[in-house]
Amino acid sequence: MRSYLDLVVPVKRLDRAKSRLVGAADGGIGDPQAHADLVVAVALDTILAATAADGVRDVVVVTSDPMLTAVLRAEGIRCVAEAEPGLNEAYRHGASVLGGSGSGRHVGALQADLPALRSAELAAAIAAADGKRAFVPDRQGTGTTLLIGAPDEPLDPRFGVGSAEAHRASGAIELIGDWPSLRCDVDTEADLAVAAQLGLGARTQQRFRLSA
Ligand SMILES: Nc1nc2c(ncn2[C@@H]2O[C@H](COP(=O)(O)OP(=O)(O)OP(=O)(O)O)[C@@H](O)[C@H]2O)c(=O)[nH]1
Ligand SMILES: C=C(OP(=O)(O)O)C(=O)O
């Protein structure tokens, strides 16, 4: 069965996002603008790869950051403000904006920190889910980079520490394919170095201080 997904992608306010990456931007530590630019670049590379993936119909970003909203809207990307703080809250809000459950829509949750993402890998994961509730674990196997809801059911996101196990326990099928770029979320500078080996998106490539 061919599935067409609408994706929700939340991003924190830039002054709070990706705190473990402070210092990885080309301006180094002590340059908040350089850090913000790196977070924007990572999000934009992720989102543009997602919008180009076969099987993705629509993407909505949930963020309350004014600068990020302006940048994304200039790229033609739809943004909505958070209704309340929190990652799972942002996913639920995005899903409700997209139509939520019972409206013939099929919603997925994609993390915004996948700067090496290849559209073909995301498309392959969506196809592998075959219309069922499913998730893709991060490369460590403990977190989640993509959750695909069951059609016409609430998304029921369970992101946070140990989210792979939480999504498994919720009945989602674990999808493991040869999708390194889809599994490579970047929390630390070491993760960014791994993503760089896979091939960073053009914007992140420009902003990452290549120290390693
Ligand atoms: N809109 C929204 N997005 C969030 C929220 N919390 C996390 N995110 C996003 O979810 C993704 C995964 O979160 P984390 O990997 O924990 O990233 P982070 O919290 O920015 O990074 P650290 O400060 O290093 O923990 C990132 O793209 C965040 O921007 C939230 O409360 N609201
Ligand atoms: C919130 C998550 O991401 P991270 O591990 O990047 O914090 C998660 O994997 O559920």
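What counts as what
Residues numbered from 1 in each chain as written. Chains lettered and ligands numbered in written order. Predicted model: local features only at pLDDT ≥ 70, side-chain atom pairs only at ≥ 80, totals over all residues. Heavy atoms only, no water. UniProt positions renumbered as here; feature names shortened; annotations may be inferred. Near = heavy atom within 4 Å. Polar contact = N/O pair within 3.5 Å; in protein donor to acceptor, adjacent residues only side chain to side chain. Areas by Shrake-Rupley, 256 points an atom, 1.4 Å probe, with all protein chains shown as cover. 1 Å grid on protein atoms, 1.4 Å probe; cavity = no way out; pocket = protein on both sides within 12 Å on 5 of 7 lines; lining within 4 Å. Sits in = over half its atoms within 2 Å of the grid points. Nonpolar A, V, L, I, M, F, W, Y, C, P; charged D, E, K, R; others polar.

If you check an unreviewed UniProt entry, the protein chain appears there as Phosphoenolpyruvate guanylyltransferase from Kutzneria chonburiensis. In its Catalytic activity (unreviewed entry) section, UniProt records this for the protein chain: "phosphoenolpyruvate + GTP + H(+) = enolpyruvoyl-2-diphospho-5'-guanosine + diphosphate". UniProt lists a comment for the protein chain under the heading Sequence similarities (unreviewed entry), and it reads "Belongs to the CofC family."

**Student:** Is there a simple way to explain the site of ligand 2 in this structure?
**Tutor:** Neighbouring residues of ligand 2: Arg20, Leu87, Gln111, Asp113, Gly143, Thr144, Phe159, Gly160, Ser163, Asp185 and Asp187. A distance of 3.2 Å is found between an oxygen atom of ligand 2 and a side-chain nitrogen or oxygen belonging to Gln111. In this structure, an oxygen atom belonging to ligand 2 sits 2.9 Å away from a side-chain N or O atom of Asp187. In isolation ligand 2 has 290 Å² of accessible area, and contact with the protein removes 79% of it.

**Student:** Any chance you could explain the site of ligand 1 here in plain terms?
**Tutor:** Taken together, 17 residues are adjacent to ligand 1, and Lys12, Lys18, Ser19, Arg20 and Glu82 come closest. At a separation of 2.6 Å, an oxygen atom of ligand 1 approaches a polar side-chain atom of Lys12. In this structure, an oxygen atom belonging to ligand 1 sits 3.5 Å away from a main-chain N or O atom of Leu87. Expressed as a share of its isolated accessible area of 610 Å², the protein-covered part of ligand 1 is 85%. One can see that ligand 1 is located within the largest pocket. Broken down by class, the residue content of the shell around ligand 1 amounts to seven nonpolar, three polar and seven charged.

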